[in-house]
Amino acid sequence: MEQTTQPTPKKRILSAIKPSGELTLGSYIGAIRNWLAFQEEYECVYCVADLHAITVRQDPKELRRRSLEQLATYISSGLDYEKNILFIQSHVPAHAELSWMLGCYTMFGELSRMTQFKDKSAKNADNINAGLFTYPVLMAADILIYNADLVPVGDDQKQHVELTRDIANRFNGVYGNVFKVPEAFVPPVGARIMSLQNPESKMSKSEVDANGCVLLLDKPEDIMRKFKRAVTDSDREIRFDRENKPGISNLIEIYAAATGITREETMAQFEGKSYGDFKPAVGEAVVELLRPIRENTERLLKDKGELERIYKEGAMRAAHIADRTVAKVKKKIGFIV
Ligand code: ATP
Ligand code: MG
């Protein structure tokens, strides 16, 4: 008899970015670019996390524009919308539904310990809403609803993936093996891109400091200007030392990530060179990295009909998986389904 081997199912990946501001170089190097590498080997689900964006007040018109622009950027960065599932989070209501249920298996104390909650509530003191606090529960729902094996995130989101694992284990402990317990994937280089003006704080799209933040769709001359003005130190050595030389270390990290070499190779390449040589070189590397993305995004945004077709199809495929998980969870909890 002929022997047939079952192909092993592909592992699944879930990741998301919230449309809370214009995408930055940090969003690209810390997230989107890593997604590209996964598309052959994994089944990938990538979303525009608009539900997450409203933990901070958003202008409706801007939110709509950015959500669409973000989807276009995913595609123009090289994500194949047929191979991957690309969708807008609010189009799949099951996320919010599972989030409520998981919230009842998440402790107040756990959420209180989240550093992002502490950071964001300090920065939005006039709007410390419950959504800001329960954000990690929705993120856990995003991940667990697809039975994701792997969650590629930047360094800043590692704690939330840890919490997701705790919630999954807790739920599984009560009801048996319902959720896959996911792993975080944090890239070795570019896990945390810092502001060019304030290299002690993360480059973040919701706190754009005009010169410190490089936007994904920035024009080349703006990128060059920002890098030439990047804050460094009074020393003259191009050496990686996060603690004592945060500005230069960040530039080394960015150059390495943009050109695909290591920090050590970057330092060797610029040995004996001045900051005046190094800063524009990093700028040029970033200009070349981002040029095709900007051009493709501009082209894609001209065809709104095509984008609509893509996000509708994506939401349908996502809901197909998500609805099944929610039905299973409801049954386990004891709801009448
Ligand atoms: P916000 O300021 O609204 O929180 P953000 O810039 O932090 O926006 P998120 O949507 O929170 O972006 O995160 C999207 C993904 O990008 C996450 O995986 C996060 O870890 C990663 N990421 C965000 N900023 C950076 C950064 N500066 N360096 C590396 N990765 C980053
Ligand atoms: Mg963030």
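The preceding data block contains the structure.
Basis of the calculations
Residues numbered from 1 in each chain as written. Chains lettered and ligands numbered in written order. Predicted model: local features only at pLDDT ≥ 70, side-chain atom pairs only at ≥ 80, totals over all residues. Heavy atoms only, no water. Near = heavy atom within 4 Å. Polar contact = N/O pair within 3.5 Å; in protein donor to acceptor, adjacent residues only side chain to side chain. Areas by Shrake-Rupley, 256 points an atom, 1.4 Å probe, with all protein chains shown as cover. 1 Å grid on protein atoms, 1.4 Å probe; cavity = no way out; pocket = protein on both sides within 12 Å on 5 of 7 lines; lining within 4 Å. Sits in = over half its atoms within 2 Å of the grid points. Helix = DSSP H or I, 4+ residues; strand = E, 2+ residues; numbered from the N terminus. Points joined across faces, edges and corners; volume = space filled by probe spheres on them. Nonpolar A, V, L, I, M, F, W, Y, C, P; charged D, E, K, R; others polar. Contact = heavy atoms within 4.5 Å.

(A) How the structure looks around the site of ligand 1. Close contacts around ligand 1 come from 21 residues, with Ser-20, Lys-120, Lys-202, Ser-204 and Ser-206 the closest. With respect to ligand 1, the side chain of Lys-120 contributes an N or O atom lying 2.4 Å from an oxygen atom. In this structure, an oxygen atom belonging to ligand 1 sits 2.5 Å away from a side-chain N or O atom of Asp-156. Against a free-state accessible area of 590 Å², the protein chains account for coverage of 98% of ligand 1. Spatially, ligand 1 is embedded in the largest pocket. Elements with a contribution of two residues or more to the shell around ligand 1: β1 (12–17) and α1 (25–38). No other element matches α1, which puts 3 residues into the shell around ligand 1.

(B) Geometry of empty space enclosed by the protein. Applying the stated criterion across every chain yields a total of 1 cavity of 30 Å³ or more. By volume, the largest cavity amounts to about 50 Å³. Looking at the largest cavity, the residues that line it are Met-114, Gln-116, Phe-117, Lys-120, Leu-132, Tyr-135, Pro-136 and His-160. Elements supplying a minimum of two residues to the lining of the largest cavity: α6 (115–123) and α7 (130–144). Among the residues forming the lining of the largest cavity, the class breakdown is 5 nonpolar, 2 polar and 1 charged.

(C) A look at the environment of Ser-121. Following the sequence through the fold, Ser-121 ends up in helix α6. Taking the C-alpha atoms as reference points, Ser-121 and Phe-133, 12 residues apart in sequence, are found 8.7 Å from one another. Leave out the neighbours within four places in its chain, and Ser-121 touches Ile-128 and Leu-132. Only 3.4 Å separates the side chain of Ser-121 from the backbone oxygen of Lys-118, close enough to count as a polar contact.

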